[in-house]
Amino acid sequence: MDVKIEESWKKQLQEEFEKPYFQELTEFVRSEYATQTIYPPAKLIFNAFEQCPFDRVKVVILGQDPYHGPGQAHGLCFSVNDGVDFPPSLRNIFKEIHSDTGAPIPSSGNLERWAKQGVLLLNATLTVRAQQAGSHQKMGWEKFTDQVIRIVADELDHVVFILWGNYAISKGEFINQQKHLVLKSVHPSPLSASRGFFGNKQFSATNKYLLEHGKEPIIW
């Protein structure tokens, strides 16, 4: 099956694209785009991979669903297009970065600048119906993104996996913590951020680990 995805990822994931579940998922997603309003735009489903080729991955941040409001989702977890108001979780992420590293709150919520430095901004589910959170869960995306995490964990060394909230933490259970740094906390959403997201200092911890292993730190 020919999937339009960045070349280095295509090489890593080709076997996955041939599996029956992925072909069924593809048919489901095509049908949804043909009959419903779906986010992100179809050409941006694999944007996280496009912006961060496989051999450049240094950090993985795991989200759950794309944003389901108009103009927000563009294929990178927690990120929004330029000019779009910060969703609450993203606002809290920027607050923690500022508190942790002193970096100013940016004017744009577009996190492509992180992706280009080696941060894979991966949602567990890569598509969603407008205004229907979770509507494309359990259709096959989770199986696919589990395999993405496995390949990164198996094939690369000294990657930082940032897992926020119980869902992300459970999805990363098989990562070898002797080989990689796994950082966990509650989710940055307003419901939980004050119970351990604020003050977790994971952005400075990420850069410390990268430097210790001869990698360029991320400019958050």
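The structure we're discussing is the one just above.
Since we're looking at a predicted model, the values are computed, not measured. (Residues numbered from 1 in each chain as written. Predicted model: local features only at pLDDT ≥ 70, side-chain atom pairs only at ≥ 80, totals over all residues. Heavy atoms only, no water.)

With that settled, consider the sheet that holds strand β2 (residues 59-63). Note on sheets: strands pair through backbone hydrogen bonds, and any given pair is parallel or antiparallel. Read across the sheet, four strands follow the order β3-β2-β5-β6 without closing on themselves; strand pairing throughout is parallel. For this open sheet the edge positions go to β3 (119-123) and β6 (181-185), each flanked by a neighbour on one side alone. On average, adjacent strands in this sheet sit at an angle of 15° to one another, irrespective of strand direction. Running at roughly 155° to β3, helix α6 (residues 141-155) makes contact with β2, β3 and β5 (160-164) of the sheet. (Pairing = 2+ DSSP bridges. Helix = DSSP H or I, 4+ residues; strand = E, 2+ residues; numbered from the N terminus. Axes fitted to C-alpha atoms, helices over the stretch in contact; angles between N-to-C directions. Contact = heavy atoms within 4.5 Å.)

With 16 residues, helix α2 (residues 20-35) ought to run about 22 Å at 1.5 Å a step, and its terminal C-alpha atoms sit 23 Å apart, in line with that. Packed against the buried residues of α2 are α1 (7-17), β1 (38-39), β4 (128-129) and α6. (Expected span 1.5 Å × (residues − 1).)

Before going further, it helps to examine the side chain of asparagine 123. The residue asparagine 123 is located in strand β3 in this model. Only 3.3 Å separates the side chain of asparagine 123 from the backbone nitrogen of glutamine 64, close enough to count as a polar contact. (Polar contact = N/O pair within 3.5 Å; in protein donor to acceptor, adjacent residues only side chain to side chain.)

A few words on empty space enclosed by the protein. All told, the structure shown has one cavity of 30 Å³ or more when counted by the stated rule. When its volume is computed, the largest cavity comes out at roughly 40 Å³. Lining the largest cavity are Pro40, Ile45, Pro66, Gly75, Asn123, Thr125 and Leu126. Here the residues of the lining of the largest cavity are counted per class, giving four nonpolar, three polar and no charged. (1 Å grid on protein atoms, 1.4 Å probe; cavity = no way out; pocket = protein on both sides within 12 Å on 5 of 7 lines; lining within 4 Å. Points joined across faces, edges and corners; volume = space filled by probe spheres on them. Nonpolar A, V, L, I, M, F, W, Y, C, P; charged D, E, K, R; others polar.)

Remember, this is a structural readout, not a statement about activity or role.
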